[in-house]
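Here is how the chains run, residue by residue.
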Amino acid sequence: MDTTPERNMPAYSLHGKKILVIGIANDKSIAWGCAKAYRALGAELAITYLNAKAEPYVRPLAERLDAGIITQMNVTREGELEATFDEIQKRWGRLDGLLHSIAFAPGADLHGRVIDCSREGFLQAMDVSCHSFIRAAKLAEGLMSDGGSIQTLSYLGADRVVDNYNLMGAAKAALESVARYLAAELGSKRITVNAISPGPLATRAASGIGCFDQLLEKAAKRAPTGRLTTIDEVGSLSAFLMSQIAPSTTGDLFYVDGGYNIMA
């Protein structure tokens, strides 16, 4: 058997690709690890920040990566998501990749039992954590005439009961299902849609989960690798899925948790 590598095999590169990153809050964010990986492989980036309070934390990071577009975007404010895509259309005329890395649930609903959650809290969690992904994918579709990659971030609590994850587990389960349906609907346009499920990481968003330090400790002890995943490791997988060497990988859920998800 000839095992000589093909000389013309495509290189692992994102050179020239235009990628929108939604969800950087600071340098501990998973989205930051992904953005760094994209840029290291040659991508041009558009990076959003939530509001004026978040801007001082996000803008310097975006500038470190020479992001061509840096804009405020809160998906709960009418028109801000659309304005971001309008700017991409105006500046770039196309989009090759989208990373959706945002989630939210009101504290009272997140920290309480799922059975006790309010209607308003449930709807807000689903709107920000799941429906915003649908809205962003719809806008991205119109800019991905040459195909593209759309990704979102989930967590094991979507599939299993994780202490204190509560309402967010339901939101992430819906998000994973949506990713599969979008993959089926957009596949004919050569647009892939995937979800990545990292292990627990000490991010700003995760700090809102009750007893999170204990969750981190448990994950590090039970994972076959014996340690926590890093944002850079998540970024490496995300960049692979964004690249031209993964055109048929779609509708999948990828765990990046040191094997924690396989343990009984």
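Residues numbered from 1 in each chain as written. Predicted model: local features only at pLDDT ≥ 70, side-chain atom pairs only at ≥ 80, totals over all residues. Heavy atoms only, no water.

**Student:** What is the right way to read the sheet that holds strand 7 (residues 253-256) from this model?
**Tutor:** The strands that make up a sheet are held in pairs by hydrogen bonds between backbone atoms, and each pair lies either parallel or antiparallel. Pairing is parallel in the open sheet, where seven strands are placed in the order 3-2-1-4-5-6-7. In the strand order of this sheet, the two ends are held by strand 3 (69-72) and strand 7, each with one partner. Taking the axes of each pair of neighbouring strands and ignoring which way they run, one obtains an average angle of 20° across the sheet. In this sheet, strand 2 (residues 44-49) lies alongside strand 1 (residues 18-22) in parallel orientation, the contact comprising four bridges. By the bridge assignment for strand 2, V21 is matched with I47. Where helix 1 (residues 30-40) meets the sheet, its contacts fall on strand 1, strand 2, strand 4 (97-100), strand 5 (148-153) and strand 6 (191-198), and the angle it forms with strand 1 comes to roughly 170°. Here helix 5 (residues 119-141) sits on the sheet and contacts strand 4, strand 5 and strand 6; the angle it forms with strand 4, its principal contact strand, is near 170°. (Pairing = 2+ DSSP bridges. Helix = DSSP H or I, 4+ residues; strand = E, 2+ residues; numbered from the N terminus. Axes fitted to C-alpha atoms, helices over the stretch in contact; angles between N-to-C directions. Contact = heavy atoms within 4.5 Å.)

**Student:** When you look at the layout of surface pockets in this model, what are you seeing that I'm missing?
**Tutor:** Where empty space is left becomes clear once a probe the size of a water molecule has been rolled over the atoms. Roughly 280 Å³ of volume is contained in the second largest pocket. Residue lining of the second largest pocket: 16 residues in total, with V162, D163, L215, K218 and Y260 positioned closest to the centre. Broken down by class, the residue content of the lining of the second largest pocket amounts to nine nonpolar, three polar and four charged. (1 Å grid on protein atoms, 1.4 Å probe; cavity = no way out; pocket = protein on both sides within 12 Å on 5 of 7 lines; lining within 4 Å. Points joined across faces, edges and corners; volume = space filled by probe spheres on them. Nonpolar A, V, L, I, M, F, W, Y, C, P; charged D, E, K, R; others polar.)

**Student:** Whenever I open this one, the pairing of strand 7 confuses me. Can you help?
**Tutor:** For a regular strand, side chains alternate in direction, first toward one face of the sheet and then toward the other. Going residue by residue along strand 7, you find F254 and V256 tucked away on one face and L253 and Y255 left uncovered on the opposite face. In the sheet, strand 6 pairs with strand 7 via four bridges, with the strands oriented parallel. Bridge pairing in strand 7 places S197 opposite Y255. (Buried < 20%, exposed > 50% of the residue type's maximum accessible area, 1.4 Å probe, protein only.)

**Student:** Honestly, the pattern of salt bridges in this entry has me stumped. Any pointers?
**Tutor:** Think of it this way: side chains of opposite charge can pair up when their charged atoms draw near. Within the structure shown, the criterion is met by 15 salt bridges. With its nearest N and O atoms 2.7 Å apart, the salt bridge here joins R59 to E55. On the criterion of helical spacing, the pair formed by R59 and E55 is a turn pair, its members being four residues apart in helix 2 (residues 55-64). E141 serves as the salt-bridge partner of K189, at 2.4 Å between the closest nitrogen and oxygen. (Salt bridge = Lys/Arg side-chain N within 4 Å of Asp/Glu carboxyl O.)

**Student:** So what exactly am I meant to see when it comes to helix 7 (residues 212-222) here?
**Tutor:** An α-helical turn contains 3.6 residues, so a residue and the one three or four places further along point in the same direction. Every buried residue belonging to helix 7 is among F212, L215, L216 and A219, and all of these are buried. Along helix 7, the residues classed as buried sweep out an arc of 100° about the axis, all on the same side. Residues D213 and K221 are exposed on helix 7 and point more than 90 degrees away from its buried face. (Arc of directions from axis to C-beta.)

**Student:** Honestly, empty space enclosed by the protein in this entry has me stumped. Any pointers?
**Tutor:** Tallied over the entire structure, the rule returns one cavity of 30 Å³ or more. Taken as a whole, the largest cavity spans an internal volume of roughly 30 Å³. Around the largest cavity sit G199, P200, A219, A223, R227, L228, T229, D257 and Y260, which together line it. Each residue belonging to the lining of the largest cavity can be placed in one class, and the counts come to five nonpolar, two polar and two charged.

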